[in-house]
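# Summary of structural features
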Amino acid sequence: MLKVVAQFFIQSAKVDTALPLLRELAALSRQEEACIAYDLFVNEEDSGHFTIIETWPDHAALKAHSLTEHFTRLVPQLQGLGRETSKITLMKAVDI
């Protein structure tokens, strides 16, 4: 299982533009068959700092997600609203 922690740092003047895009990305991603979880958070102290925490079963599912129409359309738009580069962290589950 894979977790993706995707952070977007949006310009304060562009938050109202970014939020509908983030909501659309979450809604459409949740509809993907392989999507286990897809949650959107905002930093309580920074309204332009959004974090998406995603769960996918494997690399193939994550790759398929990255090729979807909604991902290839919305992520570049979000990055264009950024005040700094987005940060993506990929984590794999550890057997315990």
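Parameters and conventions
- Residues numbered from 1 in each chain as written.
- Predicted model: local features only at pLDDT ≥ 70, side-chain atom pairs only at ≥ 80, totals over all residues.
- Heavy atoms only, no water.
- Helix = DSSP H or I, 4+ residues; strand = E, 2+ residues; numbered from the N terminus.
- Buried < 20%, exposed > 50% of the residue type's maximum accessible area, 1.4 Å probe, protein only.
- Contact = heavy atoms within 4.5 Å.
- Pairing = 2+ DSSP bridges.
- Axes fitted to C-alpha atoms, helices over the stretch in contact; angles between N-to-C directions.

### A look at the environment of G82
Turning to its location among the elements, G82 is positioned in the loop between α3 (69–80) and β4 (87–92). Taking relative accessible area as the criterion, G82 reaches 22% and is therefore assigned partly exposed. Here G82 is in contact with F9, I10 and Q11, once residues within four sequence places are set aside.

### Section: the sheet that holds strand β3 (residues 46–56)
Read across the sheet, 4 strands follow the order β2-β3-β1-β4 without closing on themselves; strand pairing throughout is antiparallel. Both edges of this open sheet fall to β2 (37–43) and β4, since each of them pairs with a single strand only. Sheet twist, expressed as the average angle between the axes of neighbouring strands with direction ignored, equals 15°. Sheet topology note: the strand β1 (residues 2–9)/β3 ladder contains 8 bridges and is antiparallel. Within β3, the residue paired with F9 across the bridge is H49.

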